[in-house]
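# Tertiary structure, described
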Amino acid sequence: MSASAPARRAPDLPAGAWPRLTDVARWIGTWCFRPAFRVHVHHRERVPAAGPVVLVANHSSMLDGPLLFGLLGRRAVFLVKQEMFRGPLGAVLPRIGQLAVRRGEADRRSLTAALGVLRGGGMIGVFPEGTRGSGEVAAAQQGAAWLARSAGAVVLPVVCRGTYRPPGAARRWRPRVDLLVGEPMAPPAGKGRAELAAATETIRASLAALVAELDEVRSTT
């Protein structure tokens, strides 16, 4: 497909995305990390095969998003910080279906586009912590719960361990990286702010519990 060719709109991707390029990028993502990491995906069968999904994940490395994009078995549209849409990535990311979002504010345009993807039966990926950390999910923002509630989408918790390298730590040779998919959760109920806050805490607690579960798996295998 040439750069000037019009892209056929796919209902599970935002406007401007190229479905074929998105699928090629996902295919590349299924193997491109394996030379550098020993990747293990646990319970990939829990990913719903169709229908609107808000994927929520912990966030400790820039690798988390690309890993999830390639390894979960269906198209995923992630909300990516706007600073990443510069240089060559600024041309590629929109064409593989990723949405730029301004951190620290309600980005109405990105949220509207994300709702459109969900209403088209797609999957939106959100890192509720809002920024990278150690990945324990001590706090969460309300965007994921709001999207799931607004679109009637199930919430799919997924956690990643092994990508985080503490400051000053030596580089590791082919470190083990684990992805654990949790059980899908029903769309948040209620319409008020209190219900949204409660749904956000439920999502945060589910992610934190899943992190603890994965840490236990990694310590015994």
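The coordinates are above.
Residues numbered from 1 in each chain as written. Predicted model: local features only at pLDDT ≥ 70, side-chain atom pairs only at ≥ 80, totals over all residues. Heavy atoms only, no water.

## Some words on the layout of surface pockets
- By volume, the largest pocket amounts to about 1,200 Å³.
- Lining the largest pocket are 43 residues, and of these Leu-79, Val-80, Lys-81, Val-101 and Phe-127 lie nearest its centre.
- Every element with two or more residues in the lining of the largest pocket is listed here: α1 (19–29), α2 (64–71), β3 (77–81), α3 (87–95) and α5 (143–151).
- For the lining of the largest pocket, the element with the highest residue contribution is α1, accounting for 5 residues.
- The residue inventory of the lining of the largest pocket, partitioned by class, reads 27 nonpolar, 10 polar and 6 charged. (1 Å grid on protein atoms, 1.4 Å probe; cavity = no way out; pocket = protein on both sides within 12 Å on 5 of 7 lines; lining within 4 Å. Points joined across faces, edges and corners; volume = space filled by probe spheres on them. Helix = DSSP H or I, 4+ residues; strand = E, 2+ residues; numbered from the N terminus. Nonpolar A, V, L, I, M, F, W, Y, C, P; charged D, E, K, R; others polar.)

## A closer look at the packing of aromatic side chains
- Summed over all chains, the structure comprises 3 aromatic pairs.
- Plain terms: the ring middles of Phe-78 and Phe-127 are 5.9 Å apart, the flat faces sit at 20 degrees to each other, and that makes the pair stacked. A residue pair is termed long-range when its members are at least 10 positions apart, and Phe-78 in strand β3 and Phe-127 in the loop between β5 (123–126) and α5 qualify at 49 residues. The pair formed by Phe-78 and Phe-127 is uniform in burial state, with each residue classed as buried. (Phe/Tyr/Trp six-rings, centres within 6.5 Å; stacked < 30°, edge-to-face > 60°. Buried < 20%, exposed > 50% of the residue type's maximum accessible area, 1.4 Å probe, protein only.)

## Quick look at unusual backbone geometry
- Residues other than glycine seldom take positive phi values, yet His-43 does so here, at roughly 65 degrees.
- For His-43, the location among the structural elements is in the loop between β1 (38–42) and β2 (53–57).
- His-43 gets classed as partly exposed once you look at its relative accessible area, which sits at 34%.
- Despite not being glycine, Val-137 has its phi angle at roughly 60 degrees, a positive value.
- For Val-137, the position within the fold is in the loop between β5 and α5.

## Quick word on empty space enclosed by the protein
- Tallied over the entire structure, the rule returns 1 cavity of 30 Å³ or more.
- Computed from the structure, the largest cavity encloses a volume of approximately 30 Å³.
- Around the largest cavity sit Pro-128, Ala-140, Gln-141, Ala-144, Ala-145, Thr-200 and Ile-203, which together line it.
- Among the elements of the structure, α5 and α6 (193–220) are those that each provide at least two residues to the lining of the largest cavity.
- Looking at the lining of the largest cavity residue by residue, the classes come out as 5 nonpolar, 2 polar and no charged.

## Concerning the pattern of salt bridges
- What the rule picks out here adds up to 9 salt bridges.
- The partner of Asp-215 in a salt bridge is Arg-161, with the nearest N and O atoms 2.8 Å apart. Taken together, the residues Asp-215 in helix α6 and Arg-161 in strand β6 (residues 154–161) connect sequence positions 54 residues apart.
- By relative accessible area, Asp-215 is classed as partly exposed at 30%.
- Notably, a salt bridge pairs Arg-204 with Glu-201, separated by 2.9 Å at the nearest N-O pair. Of this pair, Arg-204 and Glu-201 both sit in helix α6, separated by 3 residues, roughly a single helical turn.
- Through salt bridges with shared partners, a single network forms among Asp-12, Asp-23, Arg-26 and Arg-75. (Salt bridge = Lys/Arg side-chain N within 4 Å of Asp/Glu carboxyl O.)

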